[in-house]
Amino acid sequence: MTSTAVPLNAQNIDTDQIIPARFLKSTSREGFGKNLFRDWRYVNDDEAQPKTDFVLNDPIYSGKILVAGKNFGCGSSREHAAWALKDYGFDIVVSSFFADIFQNNALNNFLLPVKVSDAFLEQIFAAVLANPATELTVNLPEETITISTTGAQEHYPVNTYKKTCLLNGFDDIDYLLSVRDEIIAYEGNRNILTTHERQLN
């Protein structure tokens, strides 16, 4: 994916800041984007009074990539944080560190967490803040992220299983169905071996 990015240069952004607890009543994944960073976006929770100094309210920044400070997604384990980011329109979050549970929730919801070094994260912030039209290219097959304006590139790690799921649009059930024939063959071989063991006993 190649996209412009929204720079949220703050560290230790927890899941309650991403999606406040009072909006967790729904069990559907839809509609959470409206309340993404709700308390940071509006004065006194009033949609008629957006905080003009908050980056999501700044029209010069847009795109499907959110660039955030270190330790993104800490706090509670609520999956709704990933739902809110996806529903808002983000497909990728870039940071130099992600809380483990958030990272897993993100991957399970087709939101790619791209973990980069602290130094490279600072390069991204500098490039985007200097020129909001700066694009980032996130190459999942090659596991690289590139800054268009500078050409700087860094490798990022992705869980191999989740990478396969993301590239194919699989959730966990879809993946199992995709290897159904191999599972059946494996179980068939196990049954043959078990029968043989019984005969020997």
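This report concerns the structure included in the present document. Counting restarts for each chain: residues are numbered from 1 in the order of the written sequence. At least 70 in pLDDT is required for a residue's local features to be given in this predicted model, at least 80 for side-chain atom pairs to be given and counted, and no such filter applies to totals for whole chains, interfaces and linings, which use all residues. Each side-chain value is worked out from all heavy atoms of the structure, with water and hydrogens disregarded.

To continue, consider the packing of aromatic side chains. Aromatic pairs are defined between Phe, Tyr and Trp rings, using the six-membered ring for Trp, whenever the two ring centres lie within 6.5 Å; interplanar angles under 30 degrees are classed as stacked, those over 60 as edge-to-face, and all others as tilted. Tallying each qualifying case throughout the model produces eight aromatic pairs. Both rings, one in Phe37 and one in Phe54, keep their centres 6.0 Å apart while their planes meet at 65 degrees; by these two values the pair is edge-to-face. Of this pair, Phe37 sits in the loop between α1 (15–18) and α2 (38–41) while Phe54 sits in the loop between β3 (46–50) and β4 (65–68); the two residues are 17 residues apart in sequence, bridging distant segments of the chain. Since its relative accessible area comes to 0%, Phe37 is described here as buried. Note on conventions: DSSP H or I runs of at least 4 residues are helices, E runs of at least 2 residues are strands, and numbering of each starts at the N terminus. With a 1.4 Å probe rolled over the protein chains alone, any residue whose accessible area is under 20% of its type maximum counts as buried; one over 50% counts as exposed, and the rest are partly exposed.

Looking now at the environment of Gln11. By the secondary structure assignment, Gln11 is in the loop between β1 (2–8) and α1. Given the relative accessible area of 57%, Gln11 is considered exposed. If near-sequence neighbours (up to four positions away) are discounted, Gln11 is found in contact with Gly69 and Lys70. When checking whether two residues touch, look at their non-hydrogen atoms; a contact exists if any pair is within 4.5 Å.

The next subject is a nonpolar patch on the surface. Exposure above 30% relative accessible area and the absence of a salt bridge qualify a residue for a patch, where like charges join within 9 Å and nonpolar side chains (Val, Leu, Ile, Met, Phe, Trp, Tyr) within 5 Å. Note on areas: these come from Shrake-Rupley sampling with a 1.4 Å probe, and a residue is covered only by the protein chains present in the view. By convention in these notes, a salt bridge is any Lys or Arg side-chain nitrogen within 4 Å of a carboxyl oxygen on Asp or Glu. A cluster of nonpolar residues, Ile173, Leu176, Leu177 and Ile183, forms a patch on the protein surface that exposes about 380 Å² of accessible area. Summarising the element assignment, Ile183 is placed in helix α8 (residues 180–200). You can call Ile183 partly exposed: its relative accessible area is 35%.

Turning next to the environment of Asp91. Tracing the sequence through the fold places Asp91 in the loop between α3 (80–88) and β5 (92–95). Along the chain, Asp91 and Leu112 lie 21 residues apart, while their C-alpha atoms are 6.3 Å from each other. When near neighbours in sequence (up to four residues on either side) are disregarded, Asp91 contacts Met1, Lys64, Lys86, Phe110, Leu111 and Leu112. Distance and chemistry together define a polar contact, namely a pair of N or O atoms within 3.5 Å, with one atom able to donate a hydrogen and the other to accept it when in protein, and with adjacent residues in sequence counting only for side-chain atoms on both sides. At 2.8 Å, the side chain of Asp91 forms a polar contact with the side chain of Lys86.

Considering all chains together, one arrives at nine salt bridges under this definition. Glu47 serves as the salt-bridge partner of Arg38, at 3.1 Å between the closest nitrogen and oxygen. Exposure remark for Arg38: the relative accessible area of 6% places this residue in the buried category. Overall, the relative accessible area of 38% leaves Glu47 in the partly exposed class. Two residues, Lys70 and Asp118, come together in a salt bridge whose shortest N-O distance is 3.6 Å. Residue Lys70 is located in the loop between β4 and α3, and its partner Asp118 is located in helix α5 (residues 118–130); the two are separated by 48 residues in the primary sequence.

Pairing is mixed across the open sheet formed by seven strands, whose spatial order is β6-β5-β4-β1-β7-β8-β9. Either end of the sheet is taken by a strand with one partner, and the two such strands are β6 (112–115) and β9 (153–155). Within this sheet the neighbouring strands show an average axis-to-axis angle of 30 degrees, counted without direction. Of the pairings in the sheet, the one linking β4 to β5 comprises three bridges and is parallel in character. Bridge assignment links Leu66 to a residue of β5, and that residue is Val93. Two strands make a pair as long as DSSP finds a minimum of two bridges between them. Working convention: axes come from line fits to C-alpha atoms, limited for helices to the stretch in contact. Angles between N-to-C directions cover 0 to 180 degrees.

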